[in-house]
Amino acid sequence: MNDELTKEPQVAIIRKKVKKNALIEGIEKLGGIEQFVKEGDDIFINTPMLLLLGNPNHSHMELLTELIKILKKNGARKVFIGAFPKTHISTKLIDQILGLSTYFNSLEAEFVFLDNSDIYSKNSFNEEKIKQIKQATYSDVKIKGKSYKVPNLLLETEKYIVLNQINVDPIFMCTLSMRCNELISEFGLKKEMEAECNEANYRDLNIMNDKIISRLIDINLIRIPDLVINDMYEILEHAGPLNYYESSMTNLDALVLGTDSISTDIITLRILGQNIFENKLIVNVRERGLGPKDLSKIKNIGESIDNSIINITGCKDLSDINLLNTQIETGDICLRCKKVAYHCLNYLASQASKDLKYSPVHSLLIGKNPPDPLYNKDLILFGDCAIKTTQNSDFRTIKGKSLFRKKEKEKKNKNILEIEGCPPNFFNFLKQYMKYFGKASCPNLNYFFKVLKAYKYSKYQKNLIKWEEL
Amino acid sequence: MGRIMIYKEFIENWNKIIAYNQRLDSKGQTINSKSKEYRFPLTSLKLKAQVVHYLMKTLYPLFINDQENVLDLIISENGEKIEEIIFHRTKQSGIYHSSEKLSNDFFKLKYNLFKNLDSFFNDIQEKLLKKKKLNISHLRIVNSSAVPIINEYGDKIKTYSFKEFLIEFAALFQKLIKENLFIIYPEPTIYNFLKKFFILLNNIDLASILKYIISLLPNFNFAVLLDSDDYPLVIEVIRSLGNEGNLNFDLKLLGLDDLSLNSTALDRKNLLKEINEKLNVDYSYYVQQNQILNFLSDIFEVEVLTNKEKLKLLIEKFLYGIRSYEKVWFKIPKPFSYNTLLRFFVRIFGFQINLRKLSHWEISDFLFNTLDFYFGAEYKLLIIIKDLDLSNQKPSKKNSDSLKSTIKYTILFNVHNQSTRIIKLINNNEIPSDLSNLPEIRNELSKKYGYINYIIQIDESLIRSIIKNYIFELTSIKAFAKIKVIRRLKNDLYFKMFPELPPYKLLKEKGTLSLVRTFLPIFIDKHQF
């Protein structure tokens, strides 16, 4: 496997107004379509499942459509499109909303449900049967003594293609193609991660973060993609990777195509004007001796990088996110908590402006040993780290007069909302937030939860959790 | 080659306006010209001389140019020769004092005017300054090939009703601006706005849109008092459907003296009552002229079409206007929904309806954020407008095949970076036969137009009832009619969306009253005082 990673990598930067033309030219530059499909091949296209939220939260559907058409035209027997199950959102729910199966069927391709949700959404959840199906869908693959559950499709198909949308990202600067396997790196490792988290509360968080990144790299070694496409036509900056209130779209009209993830991601970062030696993922990859040793050896066969550079503004730090009536303080934070906190805060800023306006001025503390809050009256502690490391903080007690005593007396501060978990659950945070400030003061969140209810979201979620635990 | 002439009636009317302005200038504001009526240039509206004078004085500086003197040019088709030059002297912007035809060789073109407008403007300024010691504020350039079109239009408008005029006027200007047959330089914001708007409309006629919008409006008969210290104006608008199905849409512009009313003798409420009685209309509105004009000039800011934030701000301003009842506007008879007792009574049942507390800041935020979050920044949206009345059979979900004949318009919106870039009318024959199968329509049309992200199918009767109940009768308390609209939104026959995005799913799954309870706290502010 490592041999494949160290062979001379080829990357093509293609800038064209029309996506289809860029794709055709890019494939041609990398050696022609025969490099990526042969008569009778089965091909798996991995593309992140953010399809619910429109472009450019995910790669443009027109690009995916063209890719499928090219592969079918050149002899592909079956083209499978899917992504690894996203935590708490089943692929069946996404399909049900967007009608992806019917669309891909019309292109003679197949949308795959890697969380088997197509089975248990139709019928009742038969544990025994689902367990068998799950076992048939996944295989155990051991890397560095650790066992990962990997979809058979990834292991068995003749060709593997990653189609990835580039947007800014709070963890790795931007949504790199290696991140497409992020969810599989955590899948089935819930207990291990909880243990890691408990340990990290008393030790250096960097160790935990290294473990998270290391796992992601391990997963990327299981199957090296034959073709990686980083879609840089429309890029969300400021508050990506989702189209939040503060996100803004910038156009580069470019595709970066490559024959391995690492080189393609390195070139992508350079186009975005990022210092790759500050990117935790790339630094870890290089420390492990993976990828091209000499970066200048990455063969660029398209447009020059210098002509394609576009400087984008990355994600804000958590404490810089503008939330009305909210003072945010952050301590040391693990990557997983940072990611969830980032989305929670941006969601509030984008979709709950009225709730924020109605809420009293409050402080939100995130991470290990956060600084003292400005406001003690209403306080939110986000995540296990914040809860555990502030047990003896001053804000836990407040001074107050009782009705009968004139003297001030110290008493327990009850106006603290503790959001447990490492990382806390996104939906749970919003639910507790609404409960704490009251439904009447949170009309936006009330609406949001009614929307979820309309989708029978909890049923899907319950089944997905059951499936994960099998 | 014969001389190119703008139609006679226009010239005569123009001379009368100039003569009136000259007399007004020599006699001051006291001029009595009650019996005289002039046509407002290029419109079907015959108005009192004072009204024409006042409108030009008010509208021209605001929408076209606020500086003095104008030069009109008629140029050859290829832009290489000047056919006619007319110099208009104005005492103030919009008030023309004289029009003088200059000799064709006053300025000799040495280049293509279309390609060198900037230099031409500077050169002609220089020449005017040298020869006449005068400056101009802007140029109005008409291509000679547009003259017959304008003349034909001018000939027809004499007999046109207001509705016909509006439609033909839109068609004329879409043609003139789109084909570069009429240019104003420097470009005023309204011209720039229209230019961008016509690009956006692509293959759609503005005239057809106006015609369709008028057909969707409910019947009404109301007056608006546009108040100002200078010259209050009254607009009377009537839309009615005759027994033979002929649609009447008329607008009259009057001064208070036309109604024998004195602006200073009555307070505004009583004045509006008088207007309501004299014109015998169903209801009347009071609003300040400058507020309407400011709002209109905000609309014509070109970025409104392409800048989401500007559009959001505009909607916010509009909603703020609506919530400012009895501050910015009022209505006679007073709407029942503003009755405090009624509001209190409705509140007991858990519904907070108070239009004075309309959450203007939140509504636009909520709408745009929902759109951005669920639709994304880059998408194609297909809207199918159908009319179930066109079906031979009684429409039901079972006979969806026959519904294809009910399609009226299929419109594709191409949205880039959160703003609509192109609107395209699609031939109805391209829609697959089963109109109820939206995924099939998406798959089929995506082959030709690229991936269509969202499809909305809506019945015309529903659009009509939304306009009637939520725009024209927003302030009325017709709860059942309003609830009926929401029920229809939940019915697939009248409204359908694919994919079923979260807000639509909620609309479908929730009971009507529960929906009202969910949305009212978002749309109405919590704090009453």
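Residues numbered from 1 in each chain as written. Chains lettered and ligands numbered in written order. Predicted model: local features only at pLDDT ≥ 70, side-chain atom pairs only at ≥ 80, totals over all residues. Heavy atoms only, no water.

1. What to know about the overall build of chain A
- If you tally the helices and strands in chain A, you get 20 helices and 20 strands.
- What you see for chain A is a C-alpha radius of gyration of 24 Å, in line with the 23 Å of a compact globule of 470 residues.
- Here chain A holds 470 residues, and 61% of them are scored as buried.
- Expressed as a percentage of contacts within chain A between residues at least 6 apart in sequence, the contacts between residues at least 24 apart total 72%.
- Put simply, chain A shows about 19600 Å² of open surface, and 48% of that area lies on carbon and sulfur atoms.
- If the 66 positive side-chain charges of chain A are averaged to one point and the 59 negative ones to another, these points end up 8 Å apart. (Helix = DSSP H or I, 4+ residues; strand = E, 2+ residues; numbered from the N terminus. Rg over C-alpha atoms; globule rule 2.2 N^0.38 Å. Buried < 20%, exposed > 50% of the residue type's maximum accessible area, 1.4 Å probe, protein only. Contact = heavy atoms within 4.5 Å. Areas by Shrake-Rupley, 256 points an atom, 1.4 Å probe, with all protein chains shown as cover. Lys, Arg positive; Asp, Glu negative; His and termini not counted. Charge placed at Lys NZ, Arg CZ, Asp CG, Glu CD.)

2. Details of a nonpolar patch on the surface
- Taken together, the side chains of Phe-344, Phe-345, Ile-348 and Phe-349 of chain B make up a nonpolar region of the molecular surface, amounting to roughly 480 Å² of accessible area.
- Looking at where Phe-345 of chain B falls in the secondary structure, it is placed in helix H12 (residues 340–348). (Patch = residues over 30% accessible without salt bridge, like charges linked within 9 Å, V, L, I, M, F, W, Y side chains within 5 Å. Salt bridge = Lys/Arg side-chain N within 4 Å of Asp/Glu carboxyl O.)

3. Focus on the domain arrangement of chain B
Residue and element names in this part refer to chain B.
- Per the domain assignment, the segments making up chain B are domain 1 (8–188), domain 2 (214–347) and domain 3 (376–498).
- Between the C-alpha centres of domain 1 and domain 2 the distance comes to 30 Å.
- Tallying the contact residues gives 14 residues for domain 1 and 18 residues for domain 2.
- Taken over both partners, the interface formed by domain 1 and domain 2 buries close to 1400 Å², and the fraction arising from carbon and sulfur atoms is 74%.
- Considering only the side of domain 1, the residues that lose the most area to domain 2 are Tyr-54, Phe-162 and Lys-163, jointly responsible for 38% of the buried surface there. (Domains from an automatic or database assignment. Buried area = accessible area lost by both parts, 1.4 Å probe.)

4. Quick notes on the domain arrangement of chain A
All names here are of chain A.
- What the domain assignment reports for chain A is domain 1 (2–308) and domain 2 (318–469).
- Measuring from the centre of the C-alpha atoms in domain 1 to the corresponding centre in domain 2 gives 32 Å.
- Contacts between the two partners involve 48 residues from domain 1, matched on the other side by 33 residues from domain 2.
- Between domain 1 and domain 2 the total buried area reaches about 3500 Å² when both faces are included, carbon and sulfur atoms providing 61% of it.
- Connecting domain 1 to domain 2 are zero salt bridges.
- Counting across the domain 1 and domain 2 interface gives ten residue pairs in polar contact (both at pLDDT 80 or more). (Polar contact = N/O pair within 3.5 Å; in protein donor to acceptor, adjacent residues only side chain to side chain.)

5. Some words on the sheet that holds strand S9 (residues 233–241) of chain B
All names here are of chain B.
- The strand order across the open sheet formed by five strands is S10-S9-S8-S11-S12, and the pairing between neighbours is mixed. At either margin of the open sheet sits one strand with a lone partner, and together these are strand S10 (247–255) and strand S12 (329–332). Neighbour-to-neighbour, the strand axes of the sheet open up by a mean angle of 15°, direction not taken into account.
- Across six bridges, strand S8 (residues 220–227) lies against strand S11 (residues 283–288) in parallel orientation. (Pairing = 2+ DSSP bridges. Axes fitted to C-alpha atoms, helices over the stretch in contact; angles between N-to-C directions.)

6. Here we look at the pattern of salt bridges
All names here are of chain B.
- For the structure on display, the rule yields 41 salt bridges over all chains.
- The partner of Arg-268 in a salt bridge is Asp-227, with the nearest N and O atoms 2.6 Å apart. Taken together, the residues Arg-268 in helix H8 (residues 268–279) and Asp-227 in strand S8 connect sequence positions 41 residues apart.
- Owing to a relative accessible area of 21%, Arg-268 belongs among the partly exposed residues under this scheme.
- Several salt bridges share partner residues, and in doing so they unite Asp-492, Glu-500, Lys-505, Lys-508 and Glu-509 into one network.

7. Section: the interface of chain B and chain A
- Taken residue by residue, the interface counts 48 residues in chain B and 40 residues in chain A.
- Taking both partners together, chain B and chain A bury about 3800 Å²; carbon and sulfur atoms supply 55% of that area.
- Counting the surface chain B buries against chain A, the share from its top three residues, Phe-373, Glu-378 and Tyr-451 of chain B, is 19%.
- Going through the elements one at a time, helix H13 (360–375), helix H14 (438–449), helix H17 (502–509) and helix H18 (512–523) of chain B are the ones with two or more residues in the side of chain B that touches chain A.

8. A few points about the side chain of His-88 of chain B
Residues and elements named next belong to chain B.
- By the secondary structure assignment, His-88 is in strand S4 (residues 82–92).
- Polar side-chain contacts of His-88 include one of 2.6 Å to the side chain of Ser-99.
- Setting aside anything within four residues of it in sequence, one finds His-88 in contact with Trp-14, Asn-69, Val-70, Asp-72, Tyr-96, Ser-98, Ser-99 and Arg-140.

9. What to know about the environment of Lys-431 of chain A
Residue and element names in this part refer to chain A.
- Mapped onto the fold, Lys-431 is located in helix H18 (residues 426–437).
- Among the residues examined, Lys-431 registers a relative accessible area of 49% and is labelled partly exposed.
- Along the backbone, Lys-431 and Cys-385 are 46 residues apart, and their C-alpha atoms lie at a distance of 20 Å.

10. Some details on the packing of aromatic side chains
All names here are of chain B.
- Evaluated as defined, the whole model comprises 59 aromatic pairs over all chains.
- Ring geometry for Phe-373 and Tyr-374: centres 5.3 Å apart, planes at 85°, overall edge-to-face. Across the pair, exposure class does not vary: Phe-373 and Tyr-374 are buried alike.
- Of note, Lys-269 hangs over the ring of Phe-330, and the distance from its end group to the ring centre comes to 5.6 Å.
- One Lys or Arg, Arg-488, reaches over the ring of Tyr-494 and ends 4.2 Å from the middle of that ring. (Phe/Tyr/Trp six-rings, centres within 6.5 Å; stacked < 30°, edge-to-face > 60°. Lys NZ or Arg CZ within 6 Å of the ring centre and 35° of its normal.)

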